[in-house]
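Breakdown of the fold
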Amino acid sequence: MITTKLQKAINDQITAELWSSNLYLQMSYFLKSQGWDGFAHWMSLQAEEEREHATKMADYMTDRGGTVKLQMIDVVPEGWGSVLEIFEHAYSHECKVSKMIDTLVGLSSEEKDYATENFFRTFVDEQVEEEATASGIVDKLKKAGEAGIFFLDAELGKR
Ligand code: MG
């Protein structure tokens with residue numbers, strides 16, 4: 001059984017994951033509207049991945065006898081100046097999510113709930129990957145000229 005305090009924190013994290021999913025979906029449709037089909041495809045898969053994080057956490061909570069409470073999802077930003085700006089935003093968002101996951105690991109440890117601590121440690125590893133992927137794309141976009149961005153769009157469309 002998970003403590004009430006942890007259940008609340010996990011429900012908040014589930015909400016945050018769903019918000020992330022909406023953010024990436026919004027980015028995906030914005031990219032699509034600008035003709036960047038490859039980047040849009042990459043972002044839509046990213047949105048699906050965030051939804052999977054939410055359901056993975058909700059399944060875990062259920063397995064441990066906790067109660068999943070889906071909350072209202074706040075509106076997400078819309079409209080960006082460039083493809084680079086979108087990926088910079090995605091990268092800074094992932095850094096924020098990493099901090100939230102770290103807080104959950106810390107709280108699980110404080111509550112002496114080591115199963116939950118272990119569970120969220122898998123997301124600590126996941127976040128290392130998420131940050132590296134987003135920052136890698138930002139680096140490439142910074143180096144790419146106009147032709148390079150078309151190449152990158154095609155490349156990410158293969159995800
Ligand atoms: Mg996530």
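Preceding this paragraph is the structure being described.
First, a word on what this report is: a plain description of the structure on this page. Here the structure is a predicted model, which means the values were calculated and not measured.

Moving on, we get to the nonpolar core. Counting residues in hydrophobic clusters, the biggest one holds 23 residues, and the most contacted among them are Leu31, Phe39, Met43, Ile86, Phe87 and Leu141. Taken together, the elements giving at least two residues each to this core come down to α1 (4–33), α2 (37–63), α3 (83–110), α4 (114–143) and α5 (146–156). Among all residues touching Leu141, those that are not within four sequence positions of it are Phe39, Val83, Leu84, Phe87, Ile149 and Leu152. In this structure, Ala9, Met61, Leu104 and Phe120 belong to the second largest nonpolar core, which totals 18 residues.

Another point: the coordination of the magnesium ion. Donor atoms from the polypeptide that bind the magnesium ion are Glu17 (OE), Glu50 (OE) and His53 (ND1), placed at 2.1 to 2.2 Å. Mapped onto the polypeptide sequence, the residues donating to the magnesium ion form the spacing pattern E-x32-E-x2-H. Here His53 lies in helix α2 and Glu17 lies in helix α1, a separation of 36 residues in the sequence. Take Glu17 and His53: they sit in the same class, and that class is buried.

Along the chain, Gly157 falls in the segment after α5. Placed 55 residues apart in sequence, Gly157 and Asp102 show a C-alpha to C-alpha distance of 32 Å. Setting aside anything within four residues of it in sequence, one finds Gly157 in contact with Gly38 and His41.

Once that is clear, we can look at the side chain of Glu17. Despite its burial, Glu17 remains without a salt bridge, the nearest opposite charge being carried by Lys56 at 10 Å. In this structure, Glu17 is in contact with Glu50, His53, Ala54, Met57, Val97 and Ile101, ignoring residues within four places of it in sequence.

Let us now look at the packing of α2 against α5. What describes two packed helices is the angle between their axes and the distance between those same axes. It is the contact of α2 with α5, at a shortest axis distance of 7 Å, that shows an interaxial angle of 40 degrees. Of the possible angle classes, the one that applies to α2 and α5 is oblique. When you trace α2 past α5, the crossing you get is left-handed. Contact residues: α2 offers Asp37, Gly38, Phe39, His41 and Trp42, while α5 offers Ile149, Leu152, Asp153 and Leu156. Taken together, the residues that form the contact of α2 with α5 break down as 5 nonpolar, 2 polar and 2 charged.

This structure, assessed with the given rule, holds 6 salt bridges. Arg159 is the salt-bridge partner of Glu49, the closest N and O atoms lying 2.8 Å from each other. In this pair, Glu49 sits in helix α2 while Arg159 sits in the segment after α5, placing the two residues 110 residues apart along the sequence. Since its relative accessible area comes to 22%, Glu49 is described here as partly exposed. On the accessibility criterion, Arg159 (35% relative accessible area) is partly exposed. Residue Glu155 pairs with Lys158 through a salt bridge whose shortest N-O separation is 3.4 Å. Taking relative accessible area as the criterion, Glu155 reaches 35% and is therefore assigned partly exposed.

Definitions and cut-offs
Residues numbered from 1 in each chain as written. Predicted model: local features only at pLDDT ≥ 70, side-chain atom pairs only at ≥ 80, totals over all residues. Heavy atoms only, no water. Core = buried A, V, L, I, M, F, W, Y, C linked by side-chain atoms within 4.5 Å. Buried < 20%, exposed > 50% of the residue type's maximum accessible area, 1.4 Å probe, protein only. Helix = DSSP H or I, 4+ residues; strand = E, 2+ residues; numbered from the N terminus. Contact = heavy atoms within 4.5 Å. Donors = N, O, S within 2.8 Å, 3.2 Å for Na, K, Ca; no water. Lys, Arg positive; Asp, Glu negative; His and termini not counted. Salt bridge = Lys/Arg side-chain N within 4 Å of Asp/Glu carboxyl O. Axes fitted to C-alpha atoms, helices over the stretch in contact; angles between N-to-C directions. Parallel < 35°, antiparallel > 145°, perpendicular 65-115°, else oblique. Left-handed = near helix turned anticlockwise from the far one by under 90°. Nonpolar A, V, L, I, M, F, W, Y, C, P; charged D, E, K, R; others polar.

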